Amino acid sequence: MARLGALLLVVVAAAAALLPGARGFYLPGSYPHKYNPGDALSVKVNSLTSIDTEMPFSYYSLPFCRPGDGIKDSAENLGELLMGDRIENSPYRFKMYTNESDVFLCRSDPLAPDAFALLKKRIDEMYQVNLILDNLPAIRYTKKDDYFLRWTGYPVGIRVGVDYYVFNHLQFTVLVHKYEDPNVARVMGTADATDVIPAGGKDGSSSTGWMVVGFEVVPCSIKHNPEDAKSHKMYDRYPSKIKCDPTTVSMSIKENEPIVYTYEVSFVESDIKWPSRWDAYLKMEGAKVHWFSILNSLMVIAFLAGIVFVILLRTVRRDLTKYEELDSEAQAQMNEELSGWKLVVSDVFRAPSNPMLLCVMVGDGIQILGMAVVTILFAALGFMSPASRGTLITGMLFFYLVLGILAGYAGVRVWKTIKCGDHSGWVGVSWRVACFFPGIAFLILTTLNFLLWGSQSTGAIPFSLFVVLLLLWFCISVPLTLVGGFLGAKAPHIEYPVRTNQIPREIPPQRYPSWLLVLGAGTLPFGTLFIELFFIMSSIWMGRVYYVFGFLFIVLLLLVIVCAEVSLVLTYMHLCVEDWKWWWKSFFSSGSVAIYIFLYSINYLVFDLKSLSGPVSATLYIGYSLFMAIAIMLATGTVGFISSFCFVHYLFSSVKAD
């Protein structure tokens, strides 16, 4: 799959190279922005975040400086809103390649008791300030022993003993690279097409300029005299020289006293190319251990799955060969003497209990699995990079809505097959498919949203967005699911290779509960993804950037293969002990991996998120983990059911039975 992705990228690059005047290629929406010396650079602010609470809050909820022309929301997509991002303008003002020092920003109002208490609370909860310049988050470096640690954003302040200190002076470093005008083709995206415009003027001459390739910040706590700043206006030069020392703090906050904010900015020419400017954010600590562990896990699981698959094929083939070599009388005598899967020929396709629920869960599982595969594939090819905030969530939502037609088709097709060609009731199945998983998601997210609303967090989904999501659900997803159900009702059902008796066969008593084996089967699929799951959890809850979607796509494919094989093996084992009730067991034998994922989430909460504070934060974490586990259960269970159904159909279509 990695070779296929590389091949696609080579084809795209070759096509771009054939265009006149083009020497490079950028995906739509990610082209470089050229700034001339002296051009204004706008710094934006995002929500305050903390790994202690996992609840984002607005930047301007704290007594920071506000822009002179008022607070304005930046353009946001649906994914940003769902992630809790609230990007707004800021008072920080830069000019390209113009160094400035000792810039006075503002003098806040005296801290009222409420504002003073809130600021201390945010410092205790380790909230981070997130700044953005030219779509690059501010990055901060700290030295530990002989190596540097990278952090996005900077802390609001720090507590030393009983005193609280705020970082009121920021030292910015903007890394710039010369705009490579003759070698870069600007890609301008429109609604319908992408036009490649040769860079430079009309006469083909190149123009000089700079591109932003890095944005670093060093926070300092400087003791300013509020009386000295009383008569100064924003962007005036501060009367005294400011020396930023990040190793010391001196600006302690006190009730009914104002805070003076200042900053400085310097521009440094860098060798970093514009396409590589996100490398500093995407580097992962312990990368060698990460790749080696993933590769080792994949090899072990693939080896075990291959052995199980080969043994299964040999066993089934031997049984079938022995069975088909006998004549009719010998087969009848063999059926009387032998036990096993051959004795449940007349019961194996008997309709399961709660068939409609099974069809609904299979339909929703198809929809979730399809969404995951397509989204991760697009992300692996670079169409959903971290540079485009919210595109991953927006893409997942879009693909989920569109794949409603596949969910309706699959659910109704299974329903029609169980009913032996009778498609009556397909409308009810389609409606339930369209409402089952979205209804569960709506219930969980609404409950969590009330908690966020009560905390006044920006992570709470606005009421207007709730209305938009409901409209998307009932105006796009439901109609598409009904269309898919209609197509499934018109499609021919899958005919059973054997007849089913009217009187069900009695299942002999088992030595151990069959559901115990089903629940234990989830350990093998869990083994394929638990290492990758750690990095995903760290990305979601620890504020780290996750970008190894190529490996994630491989893990997803392997997970699908292992789920199919595990369910197939357990179905065969149940049939061998004359247990013909395999429908639900095949679903949950692979779907039980969700139980272990949820237990792993609890383990991660206890041992890796020790600092998570408050019952609201813990409830949010458990709620989102439960939502994730349900989605994984539906997707993996569907894989197991489909593989077992195909196996059982193939197995008994090879049997000569009256």
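For every chain, the first residue of its written sequence is number 1, and the numbers climb from 1 along that sequence. Only residues with pLDDT of 70 or above have their local features reported here, since the model is predicted, and side-chain atom pairs are shown and tallied only from 80 upward, although totals for entire chains, interfaces and linings are computed over all residues. Side-chain calculation: all heavy atoms of the structure are included, whereas hydrogens and water are not.

A. Structural view of the sheet that holds strand E6 (residues 136–137). An order of E2-E1-E5-E6 is seen for the four strands of this open sheet, with the pairing classed as antiparallel. This sheet does not close on itself; its edge strands, each paired only once, are strand E2 (88–95) and E6. Pairing geometry for strand E1 (residues 40–45) and strand E5 (residues 131–133), over three bridges, is antiparallel. Looking across to E5, one finds that Val45 is bridged to Leu131. DSSP calls a pair of strands paired once it identifies at least 2 bridges connecting them. Helix and strand definitions here come from DSSP, where helices need a minimum of 4 consecutive H or I residues and strands a minimum of 2 consecutive E residues; each element is numbered from the N-terminal end.

B. Highlighting helix H9 (residues 404–418). If you check H9, its first and last C-alpha atoms are 21 Å apart, about what 15 residues at 1.5 Å a residue would give, namely 21 Å. By the criterion of burial, H9 is predominantly enclosed, with 11 of the 15 residues buried. Taken as a whole, H9 has its buried residues at Gly404, Ala407, Gly408, Ala410, Gly411, Val412, Val414, Trp415, Lys416, Thr417 and Ile418. Whether two residues are in contact is decided by their heavy atoms: any pair within 4.5 Å suffices. In the core, the buried residues of H9 are packed alongside helix H7 (355–380), helix H8 (391–402), helix H10 (426–454), helix H11 (463–490), helix H15 (583–591) and helix H17 (615–653). Given a helix with a known number of residues, its expected span is that number minus one, times 1.5 Å. Any residue under 20% of the maximum accessible area for its type is buried, any over 50% is exposed, and the rest in between are partly exposed; the area is computed with a 1.4 Å probe on protein chains only.

C. The environment of Ser538, seen in detail. Assignment of secondary structure puts Ser538 in helix H13 (residues 523–541). When the C-alpha atoms of Ser538 and Asp608 are compared, they prove to be 9.0 Å apart, with 70 residues separating the residues in sequence. Other than its neighbours up to four places away in sequence, Ser538 contacts Gly543, Arg544 and Tyr604. Pairing of N or O atoms within 3.5 Å defines a polar contact, subject to two protein rules: one partner must be a possible hydrogen donor and the other a possible acceptor, and residues neighboring in sequence count only if both atoms are side-chain atoms. Among the polar contacts made by the side chain of Ser538, one reaches the main-chain carbonyl oxygen of Phe534 at a distance of 2.9 Å.

D. Main features of the state of the cysteines. Only a pair of cysteine sulfur atoms within 2.5 Å counts as a disulfide in this structure description. Counted under the stated rule, the structure contains two disulfides. Between the sulfur of Cys65 and that of Cys106 lies a disulfide, 1.8 Å long from S to S. Looking down the S-S bond of the Cys65 and Cys106 bridge, the torsion is -85°, so its handedness is left-handed. Of the two residues, Cys65 is situated in the loop between E1 and helix H2 (78–83) and Cys106 in strand E3 (residues 100–107); the sequence distance between them amounts to 41 residues.

E. Up close: unusual backbone geometry. Within the chain, Met126 stands out as a residue other than glycine whose phi angle is a positive 60°. Inspection of the secondary structure assignment puts Met126 in the loop between helix H3 (113–124) and strand E4 (128–129). One non-glycine residue with positive phi stands out, namely Asp134, at about 50°. Inspection of the secondary structure puts Asp134 in the loop between E5 and E6.

F. Looking closely at the side chain of Ser567. Relative to the assigned elements, Ser567 resides in helix H14 (residues 549–576). At 2.8 Å, the side chain of Ser567 forms a polar contact with the backbone oxygen of Gly640. In this structure, Ser567 is in contact with Ser586, Ser589, Ser590, Gly640, Phe641, Ser643 and Ser644, ignoring residues within four places of it in sequence.

G. How the structure looks around the pattern of salt bridges. Here, a salt bridge means any side-chain nitrogen of Lys or Arg that lies within 4 Å of a carboxyl oxygen of Asp or Glu. In the structure shown here, the tally under the stated rule is 10 salt bridges. Close ionic contact of Arg277 with Asp134 constitutes a salt bridge, the shortest N to O distance being 2.9 Å. Remark: Asp134 occurs in the loop between E5 and E6 and Arg277 occurs in the loop between strand E16 (260–269) and helix H4 (279–282); sequence separation between them is 143 residues. Residue Arg277 is classed as buried on the basis of its relative accessible area of 7%. Put simply, Asp102, Arg237 and Lys241 are held in one network by salt bridges that share partners.

H. Quick peek at the nonpolar core. Residues Tyr92, Phe94, Leu131, Phe172, Phe215 and Phe652 are the most contacted members of the largest nonpolar core, which totals 143 residues. Core analysis: the next-biggest nonpolar cluster, separate from the first, contains eight residues, Phe104, Ile242, Cys244 and Val260 among them. Take the buried residues of types Ala, Val, Leu, Ile, Met, Phe, Trp, Tyr and Cys, join any two whose side-chain atoms come within 4.5 Å, and each joined set is a nonpolar core.

I. Seen up close, H7. The end-to-end C-alpha distance of H7, which contains 26 residues, comes to 37 Å, matching closely the 38 Å that a straight helix rising 1.5 Å per residue would cover. Count one or two residues on from H7 and you reach Gly382, which has phi positive near 95°.

J. A look at the packing of aromatic side chains. The pairing test for Phe, Tyr and Trp rings, Trp by its six-membered ring, is centres within 6.5 Å, and the orientation test on the planes gives stacked under 30 degrees, edge-to-face over 60, and tilted for anything in between. Inspection of the entire model under this criterion finds 45 aromatic pairs. Relative to Tyr496, the ring of Phe349 lies with its centre 4.5 Å away and its plane at 20°, an arrangement referred to as stacked. Note that Phe349 is positioned in the loop between helix H6 (328–337) and H7 and Tyr496 in the loop between H11 and helix H12 (514–520), a separation of 147 residues in sequence. The burial state of Phe349 is the same as that of Tyr496; both residues are buried. Ring plane angle 55° and centroid distance 6.2 Å describe the contact between Tyr400 and Phe437, whose orientation is recorded as tilted. Of this pair, Tyr400 sits in helix H8 while Phe437 sits in helix H10; the two residues are 37 residues apart in sequence, bridging distant segments of the chain. Linked through ring pairs, Phe349, Tyr496, Trp582, Trp583, Phe641, Phe645 and Phe652 together constitute an aromatic cluster.

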